[in-house]
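Survey of secondary and tertiary structure
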4 protein chains.
Amino acid sequence: MTGADDQERAYKYRRDREMARDPSRVETFSDGIFAVVLTVMAVELLQYGPARVGGRELPDALSQAWPSYLAYVITFAIAGQVWLTHHNVWRYVVRVDQTLLVFNLLLLLFVAAIPFTADLLSDNVRGSATEQRLTGALYVGTVLGQALFFNLSWWWARRRHLLNPDLDPGLAKAVARRLRVGPLLYLIAFAVVFIDPVLSLFAYLLLVGLYLIRGPGDLPSYTTPA
Amino acid sequence: MTGADDQERAYKYRRDREMARDPSRVETFSDGIFAVVLTVMAVELLQYGPARVGGRELPDALSQAWPSYLAYVITFAIAGQVWLTHHNVWRYVVRVDQTLLVFNLLLLLFVAAIPFTADLLSDNVRGSATEQRLTGALYVGTVLGQALFFNLSWWWARRRHLLNPDLDPGLAKAVARRLRVGPLLYLIAFAVVFIDPVLSLFAYLLLVGLYLIRGPGDLPSYTTPA
Amino acid sequence: MTGADDQERAYKYRRDREMARDPSRVETFSDGIFAVVLTVMAVELLQYGPARVGGRELPDALSQAWPSYLAYVITFAIAGQVWLTHHNVWRYVVRVDQTLLVFNLLLLLFVAAIPFTADLLSDNVRGSATEQRLTGALYVGTVLGQALFFNLSWWWARRRHLLNPDLDPGLAKAVARRLRVGPLLYLIAFAVVFIDPVLSLFAYLLLVGLYLIRGPGDLPSYTTPA
Amino acid sequence: MTGADDQERAYKYRRDREMARDPSRVETFSDGIFAVVLTVMAVELLQYGPARVGGRELPDALSQAWPSYLAYVITFAIAGQVWLTHHNVWRYVVRVDQTLLVFNLLLLLFVAAIPFTADLLSDNVRGSATEQRLTGALYVGTVLGQALFFNLSWWWARRRHLLNPDLDPGLAKAVARRLRVGPLLYLIAFAVVFIDPVLSLFAYLLLVGLYLIRGPGDLPSYTTPA
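Keep in mind the model is a prediction, meaning the values are calculated, not measured.

This paragraph deals with the overall build of chain A. A tally of regular secondary structure across chain A gives nine helices and zero strands. The buried share of chain A, reckoned over its 226 residues, is 60%. In chain A, 77% of the contacts between residues at least 6 apart in sequence involve partners at least 24 apart. Of the roughly 9000 Å² of accessible surface on chain A, a fraction of 62% belongs to carbon and sulfur atoms.

As a further point, take the confidence of the model for chain A. Put simply, chain A has an average pLDDT of 85, and 88% of its residues get 70 or more. Contacts for the low-pLDDT stretch residues 1-8 of chain A, under 50 throughout, to residues beyond four places or in other chains number two contacts.

Another point: the interface of chain A and chain B. Taken residue by residue, the interface counts 51 residues in chain A and 56 residues in chain B. Across the chain A to chain B interface the summed buried area is about 5000 Å²; carbon plus sulfur atoms make up 65%. Here chain A is connected to chain B by four salt bridges. Inspection of the chain A/chain B interface yields 16 residue pairs in polar contact (both at pLDDT 80 or more). For the side of chain A that touches chain B, the secondary-structure elements that each account for two or more residues are α1 (3-9), α2 (24-47), α6 (98-123) and α7 (129-159) of chain A.

Listed per partner, the contact involves 51 residues of chain D and 56 residues of chain A. Note on chain D versus chain A: buried area summed over both sides is about 5000 Å², and carbon and sulfur give 65% of it. Scanning the region where chain D abuts chain A turns up four salt bridges. Between D:E18 and A:R91 there is a salt bridge, with the nearest N and O atoms lying 3.3 Å from each other.

A word on helix α8 (residues 169-191) of chain A. The terminal C-alpha atoms of α8(A) lie 35 Å apart, and with 23 residues this matches the ideal 33 Å at 1.5 Å per residue to within 8%. At the N-terminal boundary of α8(A), the capping side chain belongs to A:D168, with an oxygen 2.8 Å from the backbone nitrogen of A:G170.

About the thresholds
Residues numbered from 1 in each chain as written. Chains lettered and ligands numbered in written order. Predicted model: local features only at pLDDT ≥ 70, side-chain atom pairs only at ≥ 80, totals over all residues. Heavy atoms only, no water. Helix = DSSP H or I, 4+ residues; strand = E, 2+ residues; numbered from the N terminus. Buried < 20%, exposed > 50% of the residue type's maximum accessible area, 1.4 Å probe, protein only. Contact = heavy atoms within 4.5 Å. Areas by Shrake-Rupley, 256 points an atom, 1.4 Å probe, with all protein chains shown as cover. pLDDT = per-residue confidence, 0-100. Buried area = accessible area lost by both parts, 1.4 Å probe. Salt bridge = Lys/Arg side-chain N within 4 Å of Asp/Glu carboxyl O. Polar contact = N/O pair within 3.5 Å; in protein donor to acceptor, adjacent residues only side chain to side chain. Expected span 1.5 Å × (residues − 1).

Listed below in structure tokens is the structure:
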């Protein structure tokens, strides 16, 4: 409103005056979300466990609750594998920009929904064919959403020079190719639901196992002392 | 009580003998709270999901639960955007004092209440006009409270030399101006509730989108290798 | 079992061959617990909020739930202040030993119980005199337990050379004296319950305010640029 | 698809082009899970506390809930001790590989199940002999699973040169021996359930106490200033 203030308003915002930031805080924040996602199913076990619900013989009550245990293991396996990929891929990121953070938040939006859809899936594994397919589709939807934003994050980080300059460009490309394969395999595992829903669950667990086979972006192994 | 003790009591506390601290622990702590806030709604989805409540056909039960999904997305969008701003703004903070920590705790008090008010809001979007306005007001209250303490944090950090000395003072002022605009826009989005409550929800989501447009305090973008 | 194995068994364990560790991981871990404690009450608001329970008019339901809001604010105030003290005190710790970690775990055991006792306290503020005194005693028990292990942590850290060697011994002593005063003030606030339970709650909140007055162990304030 | 693309496809993936990573993010992530595990029982106290359930006199309601308090203390003691071991052991790890991360995830899978089995255990301590033995077996199962993956982690880290090269090989072996003893002691504590279930609970708590006795892998103690 004063002349001095007008002068300040005249200050021209130039983005190159902004300071950079490394990805350490993004990793801490993401780890917090992964930690809650991985433990949420254990909290559910507790809340709907025989100690709380009662009214049945304990061995019976425990064995009836098998879909909850299955949901716990599936959630842990899938979300654990997503964390592993996040851990490995983000070690190549040396700085972040606005878009990468938004892609990462959207990735976490889908990751945080995994317990919900995994729970639905395991709960309806003995339901009607409609229920099996519906819950299977919802589940694969969360997993695909997560995979989509992994691909977008990597694509953006490569394009905008956010990766470690020492990263071999051929390796960066190989990682991108590997990340693209994921969603396709998930769709195949989902299609199995039309044959047998229990088989489909095992297909998901098999996929997690497949990811553990060495591939581009994974950690090196060591044969000599540090 | 003894003479030696008296002598020690005579020790004059001088605040300048205290050591400084960088903001890394404040960021870790805040990230923990943000992580819980972002995942709380997903836990709610799980607890009130069809797998737990039952008594209805699954497709029907899932589609009836749409206010929960809406609350999940709104919470994630708003709290995610607050995290993004926190991430960006705090990278300029190089040291902390007592008052800044208190302002940050009060900011987190409002952030932690967002899932509660977002849930009320989405649950009453088809309620009576009173319910819509009341829940709208509660929701905007938490968002404004959070915005207020963001403004106070930045004002205090500038005033007390807590920011990076390399930060351009013009840029610091531009960030302050941008932070001040936020609350005004939220109030406009709230006012829309008197026209149509669903439109008001979309106005909030639009605001989150607006924040993603580049402005002072955001991360730089890169055109050359690191 | 073989001679070689016997020889290895003969390896004499010497504690001085163990490596030291700085407190960074203790802080991250403690912050995770503080973050859950601070948000737990917000989750409770959500779970017992009008959106879930229903059966009443919304404005009525919201106003009936005031003890929950009170419990949220009290928990946030007390646990937030404990976090602040933890943040400030641990910045002087440069290395950790087994005993200090155990004291810190016991401190966290009491901190994690604060939401439970604060909830009981606020829920019985209009109960019978017995209920008020019982819940008041439980609450002050958790707060005193926490304060006890703060005192033990600091005493041990001073005794075992775990603090920053640049810390003025006079200041270290002044911090110890200040930490000792806390429990006494809490006991006074508890005694007020015999006069009026609501007054007792305000006394607790007043105490949190008192802690914000500058004292030994607090962060310095800055008058010159960094 | 083009010639250039074929050429890129010809890029031979060599694991030695991948970059190493230190364990800091694994520790942050694990701490997030430990923090939730340690606070989950406190959340349960809150949800099933007298403030929520009602219908009884408060002193009566509180004293009836003793198995919950027991479960809280046992979970805190066991999971706290596991955290302590994790904190101490991982300070010797200087780099991570894929297998070590998978072992750590499986360790966390069992750690996250501790609140569930501890809750069952304490809830059935006055149940029938079958219930006592069944819940005792489930509980010891989670604790043994956790101990198994601790042993595998350490064995793998030694074998694959992931430990600090300054770590005395004799000390590394002594740590391995100590980690192997744990599961045996847990089995003995479990066997006590056939004599008396309450005694078995105390045996577990005694074991936690035993772990606090100085041994290989623990933190050093200091007798001189830092």
